Amino acid sequence: MSVAFAGNSTTTGSREAGPLRVMIVDDSVVIRGLISRWVGAEHDMEVAASLRTGLEAVNQLERINPDVAVLDIEMPELDGISALPQLLAKKRDLVIIMASTLTRRNAEISFKALSLGAADYIPKPESTREASAADIFHHDLIQKIRHLGARLRRKPAVASPPLAPASPAPALRSPIARPVAPASASAAPAASSGALSLRPFSNQAPKVLLIGSSTGGPQALMALVTELGPVIDRVPVLITQHMPPTFTTILAEHLARSSRKPAAEAVDGEPVKPGRIYLAPGGKHMRVARSGVDTVIALDDGPAVNFCKPAVDPLFTSAIDIWHGSILSVILTGMGSDGMRGGKDIVAAGGSVIAQDEASSVVWGMPGAAANAGICAAVLPLNQIGAKVNRLFAGDRS
């Protein structure tokens with residue numbers, strides 16, 4: 001790997017196919033030790049450095065030259081949110097994963113970090129002595145490092161512009177725009193995705209909009225809901241984003257501000273009505289069910305599905321009993337394949353699926369699984385999904 005550092009501008013040459021170099025920055029010696037062991041046990045990654053403070057990370061970045069940094073929020077000398085823009089100013093394509101315990105304050109800081117250029121976040125367990133919590137943290141962290149790092153390796157060599165001044169507001173920005181070729185109304189898959197088989201859109205008028213997302217999802221959702229006002233006024237919008245408790249509370253607040261429509265974590269038993277956005281709360285699967293003549297939210301505290309809780313598939317499959325084939329579902333950026341099986345069921349019932357394309361996805365796992373399964377009627381860049389959804393709800397079936 002060849003990297004030239006010059007002030008705020010970084011030029012990255014062709015990346016070598018070696019292990020991902022991971023820099024761990026946390027003031028807890030226990031956490032540093034755990035993550036170091038986990039990373040060291042993987043064949044495709046290595047520990048580039050294990051540091052105690054953000055100041056050490058900033059000062060030693062050129063020497064260490066990591067691909068990925070796992071950055072704690074609360075540290076002495078220089079905390080994570082203060083170190084983040086300084087690290088990106090020195091190395092614009094550094095993949096930074098913020099790590100924090102599940103508090104309201106840390107969740108808000110993690111959201112702000114996404115707006116400042118962090119690639120993702122991960123909640124740390126309150127105690128590493130709780131085996132199940134440590135196992136989930138282990139699994140999720142390694143997957144995030146691997147998938148986000150792999151995307152970095154696939155990017156072409158570019159010269160990065162100076163980092164723009166950070167906005168003081170903690171509102172999320174959409175993902176960094178990448179040039180995309182003009183798309184047709186039905187599909188614009190990335191070239192690296194290969195030829196995809198697309199289905200016609202359903203002839204049935206959709207009566208509900210379902211959205212599933214994961215890694216990169218908060219930024220994508222912010223961008224999408226700003227365009228969906230006419231749809232939200234006409235039908236209910238239900239969203240499952242892979243996210244822990246507390247984080248979903250804050251995400252719902254961001255969705256309400258971005259859409260200027262009522263948005264909140266779903267409550268068990270509440271009626272599902274047009275004009276509202278319902279977000280699956282962290283730690284619970286969100287389904288829909290009948291209660292007399294009403295459609296209501298049904299929250300489920302059962303086991304994880306596709307390693308996730310909440311998961312997208314339970315929402316998608318439960319919606320078929322209510323709306324049958326009158327369903328439009330959208331699968332946005334995310335790791336894994338959650339949403340693909342539920343999407344298959346929706347298509348079999350007569351509904352339609354749209355997937356985000358590879359070029360605009362932070363990770364093309366979930367939408368890629370749906371696209372490659374042949375269940376999608378369209379594969380579109382994020383900035384074209386809102387317009388397409390609006391046209392479909394206005395009666396366009398093309």
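The structure we're discussing is the one just above.
Residues numbered from 1 in each chain as written. Predicted model: local features only at pLDDT ≥ 70, side-chain atom pairs only at ≥ 80, totals over all residues. Heavy atoms only, no water.

## Re the overall build of the protein chain
- From N to C terminus, the protein chain includes 12 helices and 16 strands.
- With 398 residues in all, the protein chain has 54% of them scored as buried.
- At a minimum sequence separation of 6, the contacts of the protein chain that also span at least 24 residues come to 76%.
- Element-wise, carbon and sulfur atoms account for 54% of the exposed surface of the protein chain, whose accessible area totals about 15,700 Å². (Helix = DSSP H or I, 4+ residues; strand = E, 2+ residues; numbered from the N terminus. Buried < 20%, exposed > 50% of the residue type's maximum accessible area, 1.4 Å probe, protein only. Contact = heavy atoms within 4.5 Å. Areas by Shrake-Rupley, 256 points an atom, 1.4 Å probe, with all protein chains shown as cover.)

## Quick notes on the sheet that holds strand 5 (residues 68-72)
- With parallel pairing, the 5 strands of this open sheet are ordered in space as 4-3-5-6-7. Either end of the sheet is taken by a strand with one partner, and the two such strands are strand 4 (45-51) and strand 7 (120-124). Pairs of neighbouring strands in the sheet enclose a mean axial angle of 25°, with direction left out of account.
- Alignment of strand 3 (residues 20-25) against strand 5, held across 4 bridges, turns out to be parallel. From the neighbouring strand, valine 25 faces strand 5, where its bridge partner is leucine 71. (Pairing = 2+ DSSP bridges. Axes fitted to C-alpha atoms, helices over the stretch in contact; angles between N-to-C directions.)

## Overview of the environment of leucine 94
- Examined against the element boundaries, leucine 94 turns out to sit in the loop between helix 3 (80-90) and strand 6 (95-101).
- Linking leucine 94 and aspartate 67, residues 27 residues apart in sequence, is a C-alpha distance of 5.7 Å.
- Filtering out sequence-adjacent residues up to four positions away, leucine 94 remains in contact with Leu61, Pro66, Asp67, Val68, Ala69, Leu87 and Leu88.

## Focus on the side chain of aspartate 72
- Position of aspartate 72 among the secondary structure elements: in strand 5.
- For aspartate 72, the contacting residues outside a window of four places in its chain are Val25, Asp26, Asp27, Gly80, Ala99 and Lys124.

## Concerning the packing of aromatic side chains
- Overall, the coordinates contain 3 aromatic pairs when judged by the stated rule.
- Ring geometry for phenylalanine 111 versus phenylalanine 247: centroids 6.2 Å apart, planes at 35°, classification tilted. Taken together, the residues span a long stretch of sequence, with phenylalanine 111 in helix 4 (residues 104-115) and phenylalanine 247 in helix 8 (residues 247-259) at a distance of 136 residues.
- A relative accessible area of 1% places phenylalanine 111 in the buried class.
- Ring pairs connect the aromatic residues Phe111, Tyr121 and Phe247, which therefore count as one cluster.
- Above the face of the tyrosine 121 ring, lysine 144 is positioned so that its terminal group lies 5.6 Å from the ring centre.
- For the cation-ring pair, arginine 276 lies above tyrosine 278, with the distance from its terminal atom to the ring centre recorded as 5.8 Å. (Phe/Tyr/Trp six-rings, centres within 6.5 Å; stacked < 30°, edge-to-face > 60°. Lys NZ or Arg CZ within 6 Å of the ring centre and 35° of its normal.)

## Description of the packing of helix 2 (residues 54-64) against helix 3
- Here helix 2 crosses helix 3 at 5°, and the two axes come no closer than 10 Å. Relative to helix 3, the element helix 2 lies roughly parallel. Side by side, helix 2 and helix 3 meet where Gly54, Ala57, Val58, Asn59, Leu61 and Glu62 of the first sit next to Ala83, Gln86, Leu87 and Lys90 of the second.
- Grouping the amino acids of the contact of helix 2 with helix 3 by side-chain chemistry returns 5 nonpolar, 3 polar and 2 charged. (Parallel < 35°, antiparallel > 145°, perpendicular 65-115°, else oblique. Nonpolar A, V, L, I, M, F, W, Y, C, P; charged D, E, K, R; others polar.)

## A look at the pairing of strand 5
- Among the 5 residues in strand 5, 5 count as buried, and that is most of the element.
- Burial of the side chains of strand 5 extends over both faces: Val68, Val70 and Asp72 are buried on one face and Ala69 and Leu71 on the other.
- As paired strands, strand 5 and strand 6 are joined by 5 bridges and run parallel to one another. Residue valine 68 lies in a different strand from strand 6, and its bridge partner there is valine 95.

## Points about the sheet that holds strand 8 (residues 208-213)
- With parallel pairing, 7 strands are arranged side by side in an open sheet as 10-11-9-8-14-15-16. The sheet terminates laterally at strand 10 (263-265) and strand 16 (378-380), the two strands that pair on one side only. When the angles between neighbouring strand axes are averaged without regard to direction, this sheet yields 20°.
- Running at roughly 160° to strand 15 (residues 352-356), helix 12 (residues 382-393) makes contact with strand 8, strand 14 (327-331), strand 15 and strand 16 of the sheet.

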